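Residue-level structure breakdown
Spelled out from the first residue to the last, the chains are:
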Amino acid sequence: MSAVGHAVHAIRRQRHDAGERPFIVIWESTRACPLACLHCRAEAVPDRDPRELDTDAAKDLLRQVAAFGQPAPLFVITGGDPFQRPDLTELIAYGQEVGVRVAVSPSGTPTLTEQRLRELHTAGTVGLSLSLDGSTAELHDGFRGVPGVFRWTLDAWDAARALGMKVQINTTVARHNLHDLPDIVRLVAEHGAMLWSAFFLVPTGRGRSLGALTPGEVEDVLNFVYDVGLTVPAKTTEAHHFRRVALQRRILADTGDDAVTVLGLGPLYRELRERAAELGLNAGTRRVRRPPLDVNAGRGFVFVSHTGTVHPSGFLPLGAGNVRETPLTEIYRSSELFTGLRDADRLGGRCGACEFRRVCGGSRSRAYGVTGDPYAEEPWCGYAPGSFPYQREVAALLSGGADAQPQTRPRPTAAEGGKEHRVQQER
């Protein structure tokens, strides 16, 4: 099969025009939460803010989401801890009434009981998103700041699965768990999940105090995530260059080239791959990988804060309006911030020069968090634009044009293509 023939399978496009409607709307229902997570974007606090959207305003927000048209964007209620809102199930049921699918992303706290989960399920929740940041209580609870969270999370996970709920597991990839990722994937495979999402830290909120990863480490982890996609359905969050990796790996699979050599992957990748093999993760229980979806901040994605301000992402603290004053449809479709972020030609640095920019674009949140410029190059990507040796195949994949059979080329040695790529990553 040609490279173009694989394009559909390498990257999933949004079904609707990303300039007209988002794929997903995240609502920060509250900042109240009993946890003290080291990376918390919301810098959560124990008590609810009196400025939060009340029940009527929240229902109006759901109507605004429905106004995008059917099928409406997926609506995810997050926090803080959404269980701190006594109207949570009422809002889920109202979402069903107005034609909006509602998922919930709760915190792993004592509020996350089987009875609460049953109430969510009965109200019509279409999915549950839980966080697992370590394969042991020591790692996970240390990151979440409260003892017992690991056990509460596993119990809630199993209870939700027993109720027939779809569960997504999110893992914050940070220095504390870099070497633990295969063991986390093993838990995902054992307990079962609709999706595993590797979230790459953005330096905002409390996350500013956590150590950054090097571009080389990120590249190694992204390729590991691609590998385990044959074992568990896997995606990334705030690591949009995973879509570049998926395209590169698809082409290299066709050409028969060694990805470690061509992409200059490092010792972390080898370690993760070896540990995955020890755990039996490389056997592959899924025949087809879940292709990454082409979504980015403001391009298929929108975040509404607890007070109603609208952001391209929860990790990009630039506001474009407030749903109390301006319809969400208008903000998303017309605001300068959102339309600007959907224009790949506005990207700067290496992102602006990159051949993958229209399907990647880098994390606009991380660019802003590090540089103060949402259009700056992605700080955690070390790819040198144009350095991938199969540019004709890349162009064919990205254009969807005429079929292009991969050509056999001399494979770059570690001292040539691989080393050059690694040097670019470390700069």
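Structure shown above.
Let us look at the structure shown here.

What counts as what
Residues numbered from 1 in each chain as written. Predicted model: local features only at pLDDT ≥ 70, side-chain atom pairs only at ≥ 80, totals over all residues. Heavy atoms only, no water. Helix = DSSP H or I, 4+ residues; strand = E, 2+ residues; numbered from the N terminus. Buried < 20%, exposed > 50% of the residue type's maximum accessible area, 1.4 Å probe, protein only. Salt bridge = Lys/Arg side-chain N within 4 Å of Asp/Glu carboxyl O. Pairing = 2+ DSSP bridges. Axes fitted to C-alpha atoms, helices over the stretch in contact; angles between N-to-C directions. Parallel < 35°, antiparallel > 145°, perpendicular 65-115°, else oblique. Left-handed = near helix turned anticlockwise from the far one by under 90°. Contact = heavy atoms within 4.5 Å. Nonpolar A, V, L, I, M, F, W, Y, C, P; charged D, E, K, R; others polar.

1. Some remarks on the environment of Ala-93
- Among the secondary structure elements, Ala-93 is positioned in helix H3 (residues 88–98).
- Accessibility expressed as a relative area gives 35% for Ala-93, which makes it partly exposed.

2. Points about the pattern of salt bridges
- Applying the stated criterion to the full structure yields 23 salt bridges.
- Between Asp-294 and Arg-299 there is a salt bridge, with its nearest N and O atoms 2.4 Å apart.
- Overall, the relative accessible area of 13% leaves Arg-299 in the buried class.
- Sharing partners across several salt bridges, the network here consists of Arg-13, Arg-243, Asp-294 and Arg-299.

3. With respect to the pairing of strand S6 (residues 195–200)
- A large share of S6 lies buried, amounting to six of its six residues.
- Side chains Leu-195, Ser-197 and Phe-199 project from S6 onto one buried face, and the interleaved Trp-196, Ala-198 and Phe-200 project onto a second face that is buried too.
- Pairing analysis gives six bridges linking strand S5 (residues 167–173) to S6, with the strands arranged parallel. Considered in S6, the bridge of Val-173 is made with Phe-200.

4. Notes on the environment of Arg-12
- In this structure, Arg-12 sits in the loop between helix H1 (7–10) and strand S1 (24–28).
- Along the sequence, Arg-12 and Val-295 sit 283 residues apart, while their C-alpha atoms lie 9.3 Å from each other.

5. Concerning the packing of helix H2 (residues 55–66) against H3
- Running from N to C, H2 and H3 cross one another at 30°; their axes reach a closest spacing of 10 Å. Relative to H3, the element H2 lies roughly parallel. Crossing geometry of H2 relative to H3 is assigned as right-handed. Listed contacts from H3 to Thr-55, Ala-58, Lys-59, Leu-62, Arg-63 and Ala-66 of H2 are Glu-90, Leu-91, Tyr-94, Gly-95 and Val-98.
- Tallied by class, residues from the contact of H2 with H3 come to six nonpolar, two polar and three charged.

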